[in-house]
Amino acid sequence: MIHTRLTGEYDLTVPFVSAGMAFLSLPPLVAAVSNAGGLGMLAPGPEPPMALKQLIQATRQLTIRPFGVDFIVETTGFGPLTVEQHVEVCIEERVPVVVFFWHLPPVSWIQRLKSSGTKVWLQAGSLERAQEAVAAGIDAIVAQGSEAGGHNQGAAGLFTLLPVMTGKLSVPVIAAGGIADGRGVAAALALGAEGVWVGTRLIASQEANAHQEYKRRVVAVRESDIARTCIFGPEWPDAPMRVIRNRVVNEWTGRDTKTPPQPDPPEFIGTMRLGDQEYRMPKFAAVLPTPETTGDFEEMCLAAGESAGLVHEIKPAAQIVTEMMTEAERVIADRLVALLS
Ligand SMILES: Cc1cc2nc3c(=O)[nH]c(=O)nc-3n(C[C@H](O)[C@H](O)[C@H](O)COP(=O)(O)O)c2cc1C
């Protein structure tokens, strides 16, 4: 068994956290990770506060273990993704951990959550942002390396960013980016992380709310098929993301530092459901294909990190957690310790 500050302070049996992934990280995935002894992370994406409440309650039907909620602090084409009522819902529902990403939330939100017993984390891509967060009262930092999938603020690769952060911060640091097997877990622990935060590997889990074709591509692609681009996002412009290369990404390579203007007349690349509404996906849509999405996958945003090159099979999430952690133990005991003799 691997014990860290994360397992001790958060009542986990493994130092494994599933990344909050908007559209994909819904109750079945969250509960599967928590039931496997890790910390599942619910990602409400653009869902309003009342829908979040239902998602939290649905998660509780599937697990009695701790889990968290991941919020993006940004105003997008859907409006502000996180508002004070979202925070109030987490307080009412006594959610054990709330994680913020992109911007720091108002200090009053951090204080409200902490005083009601919720731990508050920030996912940060630079030491400066992490230090600002710790000064504002944040309990732990998720260090996002530049290899990470999805929206990405990583100022450097995880092999540099992680020891920079763990050397300077007093709060626990959890490693995010490029970790898709037990070797990556062992490396992150060696660099001072108290746990791992895993996104891309879990897209290819049975429970992730991703379209089968999206999962198939995560399994099929190599690390060199992943690009960092800003083309996706009439809903959230000019934000760098790591995605799988497809026709639209390749067409815009070299001109992809900003989201291109919408074509006139408008073009649509597919349809999906957002809440109980049908959403027509505009050209360059940044939303991710869920099981009921239809349209042209060569035009869609297929967020994934470089670690897609390490993903070879769709599996149940609990099996992914257990196999990664068992492999990490083996790497530490059989490879690293053996190197000393
Ligand atoms: C499909 C996908 C969606 C993501 N959505 C979110 C999100 O909604 N909120 C968030 O904080 N991070 C999001 N991220 C970033 C992850 O939190 C994390 O930084 C990343 O997955 C870690 O790297 P990895 O993908 O190599 O495991 C997303 C990542 C992916 C792959």
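Provided above is the structure to which this section pertains.
Residues numbered from 1 in each chain as written. Predicted model: local features only at pLDDT ≥ 70, side-chain atom pairs only at ≥ 80, totals over all residues. Heavy atoms only, no water.

Participant: For this particular structure, what's the right way to read the packing of helix H8 (residues 182-190) against helix H12 (residues 317-339)?
Facilitator: Axes are the key here: two packed helices are described by the angle between their axes and the distance separating the axes. Look at H8 against H12: their axes get within 7 Å of each other, and the N-to-C directions meet at 60°. When the axis of H8 is compared with that of H12, the two are oblique. Here H8 runs over H12; the crossing is right-handed. Where H8 abuts H12, its residues Gly 182, Arg 183, Val 185, Ala 186 and Leu 189 lie against Met 324, Met 325, Glu 327, Ala 328, Val 331 and Ile 332. Taken together, the residues of the contact of H8 with H12 sort by class into eight nonpolar, one polar and two charged. (Axes fitted to C-alpha atoms, helices over the stretch in contact; angles between N-to-C directions. Helix = DSSP H or I, 4+ residues; strand = E, 2+ residues; numbered from the N terminus. Parallel < 35°, antiparallel > 145°, perpendicular 65-115°, else oblique. Left-handed = near helix turned anticlockwise from the far one by under 90°. Contact = heavy atoms within 4.5 Å. Nonpolar A, V, L, I, M, F, W, Y, C, P; charged D, E, K, R; others polar.)

Participant: Is there a simple way to explain helix H6 (residues 127-135) in this structure?
Facilitator: Owing to its 3.6 residues per turn, the α-helix brings residues three or four apart onto one side. Within the sequence span of H6, burial applies to Leu 127, Ala 130 and Ala 133. The arc that holds every buried residue of H6, seen down its axis, measures 125°, which confines them to one face. In this structure, H6 carries Glu 128 and Ala 135 as exposed residues pointing more than 90 degrees from its buried face. The inward-facing, buried residues of H6 contact strand E7 (119-124), strand E8 (140-144) and helix H7 (158-168). With its phi angle positive at about 105°, Gly 137 sits one or two positions after the end of H6. (Buried < 20%, exposed > 50% of the residue type's maximum accessible area, 1.4 Å probe, protein only. Arc of directions from axis to C-beta.)

Participant: Mind showing me how you'd approach the pairing of strand E14 (residues 268-274) here?
Facilitator: Sheet faces and side chains relate simply in a regular strand, where the side chains alternate between the two faces. Direction of pairing for E14 relative to strand E15 (residues 277-282): antiparallel, over a ladder of six bridges. Bridging across to E15, Thr 271 finds its partner in Arg 280. Between E14 and the antiparallel strand that follows it, E15, lie two residues; Gly 275 among them carries a positive phi value of about 60°. Across two bridges, the pairing between E14 and strand E16 (residues 294-295) is antiparallel. (Pairing = 2+ DSSP bridges.)

Participant: Would you take a moment to explain the packing of aromatic side chains for this structure?
Facilitator: Where two aromatic rings form a pair, the distance of their centres and the angle of their planes describe that pair. Scanning the model with the defined rule gives seven aromatic pairs in all. Relative to Trp 109, the ring of Phe 100 lies with its centre 6.2 Å away and its plane at 40°, an arrangement referred to as tilted. Taken together through their ring pairs, the aromatic side chains of Phe 71, Phe 100 and Trp 109 make up a single cluster. Looking at Arg 255, its charged tip hangs above the ring of Trp 252, at a distance of 4.2 Å from the centre. The side chain of Arg 280 reaches across the aromatic face of Phe 268, ending 3.8 Å from its centre. (Phe/Tyr/Trp six-rings, centres within 6.5 Å; stacked < 30°, edge-to-face > 60°. Lys NZ or Arg CZ within 6 Å of the ring centre and 35° of its normal.)

Participant: Help me understand the packing of H6 against H7 in this model?
Facilitator: Relative orientation of the contacting elements H6 and H7 amounts to 30°, with a least axis distance of 10 Å. Relative to H7, the element H6 is oriented roughly parallel. In this structure, H6 crosses over H7, and the sense of that crossing is right-handed. The segment H6 lies against H7, with Leu 127, Ala 130 and Gln 131 engaging Leu 161, Val 164, Met 165 and Lys 168. Each residue belonging to the contact of H6 with H7 can be placed in one class, and the counts come to five nonpolar, one polar and one charged.

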